[in-house]
Amino acid sequence: MGAALLVAGTVVACSGPWRDGYFKKGVDRLTQDEIKERLGPPHTAKTPALGGDSTWTYRVPLSERELDPWKINILGDASQSVGAIMGKAGEGPKATLYCYRYTLTFNEQKILKSWKRDECVPGTRETLTAQ
């Protein structure tokens, strides 16, 4: 039982942001309608008037834990635990969120052709996490 929980926890921890896996598995399969149903309308949508590939973008906040599930932040976790003991649960230091942009490209049949994830402002996370 313990081994099964360890394996399940490792699989979840390795996955990174869930959107990455969703889009990776969805290339050549997911439709615009399916993605819109799951994520809502895109922040921007560009569809060529004369046909061709269309591009959608979503801007998403991601935490350090989502971006790097292997990195263990003992001080952050400890301070959050102390905050929960000293005050109300959920109070205390908040996780830093970084803005990422998912750019999705669809073919003329509205099927996901490719995707990528970039920082909204390149270098932000690197600058903030530099020690």
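Going by the structure above, here's the rest.
A. Expanded view of the environment of Gly-52. Residue position: Gly-52 is located in the loop between β1 (44-46) and β2 (54-63). For Gly-52, a relative accessible area of 24% puts it in the partly exposed group. The spacing of Gly-52 and Asn-107 is 55 residues in sequence and 6.6 Å in space, taken between C-alpha atoms.

B. Representation of the sheet that holds strand β4 (residues 112-119). As summarised here, the arrangement of the four strands in space is β1-β2-β3-β4, forming an open sheet in which the pairing is antiparallel. Edge positions in the open sheet fall to β1 and β4, since each of these has one partner strand only. For this sheet, the mean angle separating the axes of adjacent strands, direction not counted, is 20°. Contacts between helix α2 (residues 18-26) and the sheet are confined to β2, β3 (97-106) and β4, with β4 contributing the most and set at about 155° to the helix. The strands touched by helix α3 (residues 32-39) within the sheet are β2, β3 and β4, with β2 carrying the most contacts at an inclination of about 25°.

C. Structural context of α2. All buried positions along α2 are accounted for by Arg-19, Asp-20, Tyr-22, Phe-23 and Gly-26. One side of α2 carries all its buried residues, which in axial view fall inside an arc of 165°. More than 90 degrees from the buried face of α2, the exposed residues found are Lys-24 and Lys-25. The inward-facing, buried residues of α2 contact α3, β2, β3 and β4. Just beyond α2, the residue with positive phi is Asp-28, at close to 65°.

D. Broad picture of the packing of α2 against α3. Direction vectors running N to C along α2 and α3 enclose 165°, while the axes themselves pass 12 Å from each other. As judged from the angle between their axes, α2 and α3 are roughly antiparallel. In the crossing of α2 with α3, the sense of the turn from one axis to the other is right-handed. Of the residues in α3, those touching α2 at Trp-18, Arg-19, Tyr-22 and Phe-23 are Glu-34, Ile-35, Arg-38 and Leu-39. Here the residues of the contact of α2 with α3 are counted per class, giving five nonpolar, no polar and three charged.

E. Molecular detail of the pairing of β2. By the criterion of burial, β2 is predominantly enclosed, with seven of the ten residues buried. Looking at chain direction, β2 and β3 are connected through ten bridges and run antiparallel. By the bridge assignment, Val-60 is partnered in β3 with Tyr-100.

F. Spatial organisation of the state of the cysteines. All told, the structure shown has one disulfide when counted by the stated rule. Put simply, Cys-99 and Cys-120 are joined by a disulfide, and their sulfur atoms are 2.0 Å apart. Between Cys-99 and Cys-120, the disulfide has an S-S torsion of -55° and is therefore left-handed. Taken together, the residues span a long stretch of sequence, with Cys-99 in strand β3 and Cys-120 in the loop between β4 and α6 (124-129) at a distance of 21 residues.

Calculation criteria
- Residues numbered from 1 in each chain as written.
- Predicted model: local features only at pLDDT ≥ 70, side-chain atom pairs only at ≥ 80, totals over all residues.
- Heavy atoms only, no water.
- Helix = DSSP H or I, 4+ residues; strand = E, 2+ residues; numbered from the N terminus.
- Buried < 20%, exposed > 50% of the residue type's maximum accessible area, 1.4 Å probe, protein only.
- Pairing = 2+ DSSP bridges.
- Axes fitted to C-alpha atoms, helices over the stretch in contact; angles between N-to-C directions.
- Contact = heavy atoms within 4.5 Å.
- Arc of directions from axis to C-beta.
- Parallel < 35°, antiparallel > 145°, perpendicular 65-115°, else oblique.
- Left-handed = near helix turned anticlockwise from the far one by under 90°.
- Nonpolar A, V, L, I, M, F, W, Y, C, P; charged D, E, K, R; others polar.
- Disulfide = S-S within 2.5 Å.

All we've got here are geometric facts, nothing functional implied.
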